[in-house]
Amino acid sequence: MRDFIFTIILSACLALTGAQMDTTVCTGQIPGPNDPPLPPSLPNQFEVHVEANINNRNYTTSYHIYYDQVNNKVATHVDNAGTNTEDLYRFDTNEFFHVDRDNGICTVQPLLRSPQLFLFGTPVGDKAVMKTPSEVLHFNETGIQQKWINQTVVRGITCNLWRSCLYWDSTKSTMVVDWYFSAPLWQTARLTPQLPVRAHVYGNTLMSNGKRRTFDHMYEFADFITSPRKHMTAFETPTGVYCPRAKNIKPLPTPTSSFHFTAEIIYGQSISRIKEWYDSDMNLVRYDYDPLGADRKYGSLPLTQVHDFTTGVAYVIDTLRGNCTATPIANTGFDVRNADPTHVRIRTSKEFFYFDKASYIYEGQRLVRSITSDVWIAQRNDWPRPNSANSTWEWYFAKRNYTTNAPTSFGNPTRMVLDAGLGQHYVYNIYNYQENRPMIWSYDISNCFNYTERKDFSFKLPGSYRKTVNGNMEGFRYAIIRAIVKAGTVNKIPLSMLRINNVQTDYSDNNDITVQFTLLDKAPQIGDVSNPKPENSLAVVAKSISGAINAGQMIVSLQSPTATATMVARPFSLTPGTVVKDAYYKQTQQGSTTTTGVSGGAMAGMGVALLVVFFIIGVFATYMFYRKQGGAFGPKKFDNEVDITNSSS
């Protein structure tokens, strides 16, 4: 019924066929010689509210029409009998969308085959051609005559009344159409002259039983705007509505193999934040977060998790207390996919963003966080687990003309919205997205190894390279790590960069560079990846590095914009232990002084006694804290977890 009502006034293929016209309704109009000029044609872009009062049925329907002939699109938003729907006519892609906005249901079909094409388009061969505004309104259109009747007042607006007589052959309908346009001297709200104010349509329809049914419709036009482009979403489907079989007119961005960003997660009335680092080439993921709910099994203090998918070990680090728990990487993590029923692997970058196994459709552009963003939407049934109910995923990316401090090839994601129904609605606001490879020291797990599982070393790089190094300290540290990895590779078993930590440099008086680093032991053998790579022990790696240095094979190659510096470690310069910088020792001068009170020997004895007392107090306090924590100094351990801050593990 809604479509029929609408087509009464915005119908197509109307002609003056007197043979079947009901002459009791009208017989056609002949313009008079003194009629004023017809109103100018409407612009090729406009929007307008239309209130349709169906007098013969006693109800009202409300339309918001967006017409854009420049971009070959029309949209109608309709409120009728308590329902809210939307129709999109996309002549550029030959698609017709019908959206139930109340229930978020969308259907798509070729526009050329849509029964509603005649409202705004005409089939021409295998294409649907958009009608002009005059053809849509059937006013000032070729083949239809309008006669000026008089000047009158409608809703307080001085208007010119124009009348035409129309016949619609497809429904055997004869009708009088009275058009009311604002008078030329009436100043409209937006200074657009002679706008449509009202259309009164009345007549009858010849029914299949031979009887005629009368109709009387009044259409009120208000808020006519000639620049609908201000409404970015007018010609788009509503937020969160997925339209199956719609064409994707813009390819989805392709993520790189490494990136890092900060996210704000909004779920219900809770707001949480997380920082994430991802590097599929290195098989590493890190995320920092404040635990909530079930995540508090490791405590309520800020936590860092480093997932090493090479070994299958997750390191859960209490960033304030420095405690660490090693555990197999859980298969429920957002960075995890199942390699098989009992093993995990790192997600690919496409899987990380849930771009896999889904057909994303470009929706258009929306404003999010004051950023004009391109939007893609998809629907999938594998979240949070396979064969789940459908969930909708919307990704927002800032338009390419936005500039950032760190340009990306992937783009700049600004938001992701996940709606899985049943109250599961998540909004991820994404900030400071960068796709440059995170530094290896971003995955610092040194707190997870006690003093028996780590060794400090230093060696020297002879030569005057201070100027070259100072201009590229980050590159120099990476060059050192690469050299150590090569020197520490034994029997074709590579040394993981994750085991090289705390790379420091200093300069000797002769400009030699002193390099200090910490070497960690191999990972606990508790991982759950299908093919964990073997690792050499700390002793084997240290011996290999020492041998490479002594043989002159520890080579640090640093590239600069102008040249490449090749530095060879001085043989036999590898030294265990920490290099102490700027260490000064204060010594009191000898002399004879006389004091009253406790003698030097007695004072020394008292100092030893106090030291013992404080040691006992410290042990007791530590014991009580240990008991209070349930028997664990670090976060509570579960099955198949190892507290590797404990040297007995």
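My aim in this report is to walk through the structure given alongside it, one point at a time. (Residues numbered from 1 in each chain as written. Predicted model: local features only at pLDDT ≥ 70, side-chain atom pairs only at ≥ 80, totals over all residues. Heavy atoms only, no water.)

**Section: the nonpolar core**
Our working rule: Residues belong to a common nonpolar core when they are buried Ala, Val, Leu, Ile, Met, Phe, Trp, Tyr or Cys residues joined through side-chain atoms within 4.5 Å. Note on exposure labels: buried denotes an accessible area under 20% of the residue type's maximum, exposed denotes more than 50%, and partly exposed covers the range between, all computed with a 1.4 Å probe on protein chains only. In this description a helix means any DSSP run of H or I spanning at least four residues, a strand means any run of E spanning at least two, and both kinds are numbered starting from the N terminus. Here a residue-residue contact requires only that any non-hydrogen atoms of the pair lie within 4.5 Å.
With 51 residues, the main nonpolar core has Tyr 315, Phe 459, Leu 519 and Ile 545 as its most contacted residues. Sort the elements by how many residues they give to this core and helix 6 (residues 473–487) lands first, with 9 residues. With sequence-adjacent residues up to four places away left out, Ile 545 is seen in contact with Ile 484, Ala 487, Gly 488, Phe 517, Leu 519, Met 554 and Leu 574. Among the nonpolar cores identified, the runner-up in size contains 39 residues, and Ile 274, Phe 353, Phe 355 and Tyr 360 belong to it.

**As for helix 6**
Put simply, the rule reads: Multiplying 1.5 Å by the helix residue count minus one yields the expected span of that helix.
The terminal C-alpha atoms of helix 6 lie 21 Å apart, and with 15 residues this matches the ideal 21 Å at 1.5 Å per residue to within 8%. Taken across its 15 residues, helix 6 has 11 buried, putting it largely inside the fold. Every buried residue belonging to helix 6 is among Gly 475, Phe 476, Arg 477, Tyr 478, Ala 479, Ile 480, Ile 481, Ala 483, Ile 484, Val 485 and Ala 487, and all of these are buried.

**Some remarks on unusual backbone geometry**
Cis rather than trans, the peptide bond between Trp 383 and Pro 384 has omega equal to 0°. Residue placement: Pro 384 occurs in the loop between strand 23 (371–380) and strand 24 (391–398). The backbone of Asn 94 shows a phi angle near 60°, a positive value even though the residue is not glycine. Structurally, Asn 94 can be placed in the loop between strand 4 (83–90) and strand 5 (95–100). With relative accessibility at 24%, the residue Asn 94 sits in the partly exposed group.

**Here's the deal with the sheet that holds strand 29 (residues 513–520)**
Across a sheet, strands are paired by hydrogen bonds formed along the backbone, either parallel or antiparallel in direction. What counts, and what does not: Paired strands, as defined in this entry, are two strands with at least two bridges between them according to DSSP. Note on method: axes are straight lines fitted to C-alpha atoms, helices fitted across the in-contact stretch only, with angles between N-to-C directions ranging 0 to 180 degrees.
Across the sheet, which stays open at both edges, the 4 strands sit in the order 28-29-27-32 with antiparallel pairing between neighbours. Of all the strands in the sheet, the pair left with one neighbour each is strand 28 (500–507) and strand 32 (575–576). Inspection of the sheet shows strand 28 paired to strand 29 by 6 bridges, in the antiparallel sense. By the bridge assignment, Asp 506 is partnered in strand 29 with Thr 514. The strands touched by helix 7 (residues 538–550) are strand 27 (454–461) and strand 29; relative to strand 29, the strand with the most contacts, the crossing angle is about 160°.

**Notes on the state of the cysteines**
Convention followed: Our working definition of a disulfide is a cysteine sulfur pair at a distance within 2.5 Å.
Under the criterion given, the structure shown has 3 disulfides. Each sulfur of the disulfide joining Cys 324 and Cys 448 lies 2.0 Å from the other. Linking Cys 324 and Cys 448, the disulfide has an S-S dihedral of approximately 85° and is accordingly described as right-handed. Of this pair, Cys 324 sits in strand 19 (residues 324–328) while Cys 448 sits in the loop between strand 26 (425–434) and strand 27, and the two are 124 residues apart along the sequence.

**Remarks on helix 7**
Basically, it comes down to this: Note that the arc is computed from the directions linking the helix axis to the C-beta atoms.
Given a rise of 1.5 Å per residue, 13 residues ought to cover 18 Å, and the 18 Å separating the end C-alpha atoms of helix 7 matches this to within 8%. Among the residues of helix 7, those classed as buried are Leu 538, Val 541, Ala 542, Ile 545, Ala 548 and Ile 549. Down the axis of helix 7, the buried side of the element spans an arc of 125°, and every buried residue falls inside it. Exposed side chains of helix 7 directed beyond 90 degrees from the buried face belong to Ala 539 and Lys 543. Close packing links the buried residues of helix 7 with strand 27, helix 6 and strand 29. Once helix 7 finishes, Gly 552 follows within two positions and takes phi at roughly 70°, a positive value.

**Quick notes on the environment of Ser 300**
Here Ser 300 shows up in the loop between strand 16 (284–289) and strand 17 (303–308). For Ser 300, a relative accessible area of 49% gives the class partly exposed. With 10 residues separating them in the primary sequence, Ser 300 and Asp 290 have C-alpha atoms 7.1 Å apart.

**Some thoughts on the side chain of Arg 286**
This is how the line gets drawn: Polar contacts here mean pairs of N or O atoms no more than 3.5 Å apart (in protein, one a potential hydrogen donor and the other a potential acceptor; neighbouring residues in sequence count only if both atoms are side-chain atoms).
Mapped onto the fold, Arg 286 is located in strand 16. Engagement of the side chain of Arg 286 in a polar contact is seen with the side chain of Asp 288, the distance being 2.6 Å. Setting aside residues no more than four positions away along its own chain, Arg 286 makes contact with Lys 275, Glu 276, Trp 277, Thr 304, Gln 305, Val 306, Ser 442 and Tyr 443.

**Quick word on the side chain of Thr 188**
Structurally, Thr 188 is set in the loop between strand 11 (173–182) and strand 12 (196–206). Among residues more than four places away in sequence, those in contact with Thr 188 are Ser 182 and Leu 195.

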